[in-house]
Amino acid sequence: MVGAGAVGSFLGGTLAAAGMDVTLVSRRPHAGGEAASLRLHEPTRERSVTVHRATDPAQVTAPDVVLVAVKAFDLEAALATAARWTGAVVVTAQNGVGAEAVADSWIPYPTPLLAASLTTAVEPVADGVRRLRTGGIGVAVVRDDERRAGGALATRLVGAWSAGGLAARTFRDADSMKWSKLLANLVGNATSAILDMDPGAVYADPVTYALERAQLLEALAVMRALGLRPVTLPGADIGLLLRGIRLPPAIGRPLVARGIARARGGKSPSLRLHVRGGGSGPTEVRWLNGAVAAAGASTGVRTPVNTALTAIVEEVAADPGRAAFFAGDPGRLAEAVAASAGRS
C-alpha cells in the first residue's frame, strides 16, 4: 500500500484480515502504537490485524500488487514509487476521474493496471482507522496483459476484501465504475467546502440544492456523451440518488437530503476537510468538478455549474477573504455561479 493514510490503512487492513501479507508504505514513521498492529474500528466490531510498515521503499520485498492510496495531487510521486517494483500489478484508488490515465503513462505495458472505487467513509485514529459506514469497493481492469493476470488479480482482491469484511465486486468497464463513483464524490463536496456547511444542510437548502442538482445533471450529460452508463457500486446506490434528483425539487429535495445526511456517516466531505481544515497546496477539485468540466469541453457538453464550482473552490482554498465571504451564505454562491455561467 503506497500511502498509509485512512484509505490506505483501511484497504490494507481489510486485506490483512483476509490473510494477505500487507506492507503500508508512508513518508512518515509510524507514531501510533505497535508498528506491526493496525486497529480497525468498525460500526459493529473492533479488531487488530498484522501489517508491515516501511518509510523506505527499498526495504520492501518485491510485491505482487501495489495499491496506490494517495490524494490525486500526490499521485505522480506515489506512482514513481510503484514503478520501482516492475511486474507488480498496480491498483489506483483515487477519488474522481483521471488517475488511471496518469498511471497508464507511468506504468509501462505489459504490467496490468486496475482501478478501485471505495464507497466507505473512513477516518484515521491514533491506533489505526475508523470505518464510519459500511460501504464497499468496486474493482475493474483498466488494461490487462496477455495472460490476463490483471483480471485474475481483480477476482482475487474482491474475494479477499469480501472475506476481510468489505463488500466488493468486479466491474467490466473501469470508466463507468469511476464516473459512477464521481457522481457520489460530487454530492455536497464542492458546495460544502465553499460554504463550510454540512452536506445535509446543503441539500436541505433550496438554493444550494438547485446547484447540486444542476452539477449532477451536467455530469450525467457528459457520461452520456462519453457512452457511459451509471452503475451501482457496493454500498452506494447511485440509481436511487439519480431518481431523487430527477424528481421535481419540491418532492425530491427532502428525500435526497435525508439520504445524503445518512450516507455521510457524520464525516465531512474531502474538499471541506482540506479547504476548511487548514490544508495547504492543491485540492482534488480538478479531478472532481474539474473532470466534468474538462470532459464536457471535449465532448461539446456545457457544464457551467461544474466549471464555476471548480474555480470557486480554488479561490476559497487560496484566499481566506473569499472563504469568509462565502461561509454560510448560499445566496452569494448562487450569484457567483450565475455570474460565471453568464461569462462562459
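This one's a predicted model, so the numbers in the text were calculated from it and none came from an experiment. (Residues numbered from 1 in each chain as written. Predicted model: local features only at pLDDT ≥ 70, side-chain atom pairs only at ≥ 80, totals over all residues. Heavy atoms only, no water.)

### Some points on the confidence of the model for the protein
Phase 1: Of all residues in the protein, 97% attain a pLDDT of 70 or more, and the chain-wide mean is 92.
Phase 2: Mean pLDDT across the secondary structure elements of the protein bottoms out at helix 10 (residues 249–263), with 80, and peaks at helix 12 (residues 289–299), with 98. (pLDDT = per-residue confidence, 0-100. Helix = DSSP H or I, 4+ residues; strand = E, 2+ residues; numbered from the N terminus.)

### Describing unusual backbone geometry
Phase 1: Cis rather than trans, the peptide bond between Y109 and P110 has omega equal to 20°.
Phase 2: Among the secondary structure elements, P110 is positioned in the loop between helix 3 (99–106) and strand 7 (113–118).
Phase 3: For R148, which is not glycine, the phi torsion reads 55° and is therefore positive.
Phase 4: Mapped onto the elements, R148 comes out in the loop between strand 10 (136–143) and helix 4 (149–163).

### Here we look at helix 15 (residues 330–343)
Phase 1: The end-to-end C-alpha separation of helix 15 is 20 Å, in line with the 20 Å expected for 14 residues at 1.5 Å each.
Phase 2: Turning to helix 15, the residues buried within the fold contact helix 6 (190–195), helix 8 (206–225), helix 13 (304–318) and helix 14 (320–326). (Expected span 1.5 Å × (residues − 1). Contact = heavy atoms within 4.5 Å.)

### So, the sheet that holds strand 5 (residues 65–68)
Phase 1: Spatially, 5-6-7-10-11 is the arrangement adopted by the 5 strands of the open sheet, whose pairing is mixed. Either end of the sheet is taken by a strand with one partner, and the two such strands are strand 5 and strand 11 (167–171). Across the sheet, the mean angle from the axis of one strand to that of its neighbour is 25°, orientation sign disregarded.
Phase 2: By the bridge criterion, 5 bridges tie strand 10 to strand 11 in an arrangement that is parallel. Note that in strand 11 the partner of G138 across the bridge is R169.
Phase 3: Together, strand 7, strand 10 and strand 11 form the strand contacts of helix 5 (residues 174–186), whose direction differs from that of strand 7 by roughly 25°. (Pairing = 2+ DSSP bridges. Axes fitted to C-alpha atoms, helices over the stretch in contact; angles between N-to-C directions.)

### A short note on the packing of aromatic side chains
Phase 1: In the structure shown here, the tally under the stated rule is 2 aromatic pairs.
Phase 2: A centroid spacing of 5.8 Å and a plane angle of 75° characterise the contact between Y203 and Y209, whose relative ring orientation is edge-to-face. This pair shows no difference in class: Y203 is buried, exactly as Y209 is.
Phase 3: Summarising the aromatic geometry, the rings of F325 and F326 are spaced 5.0 Å apart at their centres and angled 85° between planes, so their arrangement reads as edge-to-face.
Phase 4: Overall, the relative accessible area of 0% leaves F326 in the buried class.
Phase 5: Between R169 and the ring centre of F171, over which it is positioned, the NZ or CZ distance is 4.0 Å.
Phase 6: For R332, the ring lying beneath its charged end belongs to F325, and the centroid distance is 4.2 Å. (Phe/Tyr/Trp six-rings, centres within 6.5 Å; stacked < 30°, edge-to-face > 60°. Buried < 20%, exposed > 50% of the residue type's maximum accessible area, 1.4 Å probe, protein only. Lys NZ or Arg CZ within 6 Å of the ring centre and 35° of its normal.)

### A look at the packing of helix 13 against helix 15
Phase 1: Running from N to C, helix 13 and helix 15 cross one another at 115°; their axes reach a closest spacing of 9 Å. By crossing handedness, the relation of helix 13 to helix 15 is classed as right-handed. On helix 15, the residues touching P304, V305, A308, L309 and I312 of helix 13 are L333, A336, V337, S340 and A341. (Left-handed = near helix turned anticlockwise from the far one by under 90°.)

### Topic: helix 2 (residues 75–82)
Phase 1: All of the buried residues in helix 2 are L75, A78, L79, T81 and A82. The buried residues of helix 2 occupy one face: seen down the axis, they fall within an arc of 155°.
Phase 2: Close packing links the buried residues of helix 2 with strand 5, strand 6 (89–92) and helix 3. (Arc of directions from axis to C-beta.)

### Focus on the side chain of D145
Phase 1: When you line up the elements, D145 lands in the loop between strand 10 and helix 4.
Phase 2: Relative accessible area serves as the criterion here: at 12%, D145 is assigned to the buried category.
Phase 3: Here R148 takes part through its backbone nitrogen, which lies 2.9 Å from a polar atom of the side chain of D145.
Phase 4: Engagement of the side chain of D145 in a polar contact is seen with the backbone nitrogen of A149, the distance being 2.9 Å. (Polar contact = N/O pair within 3.5 Å; in protein donor to acceptor, adjacent residues only side chain to side chain.)

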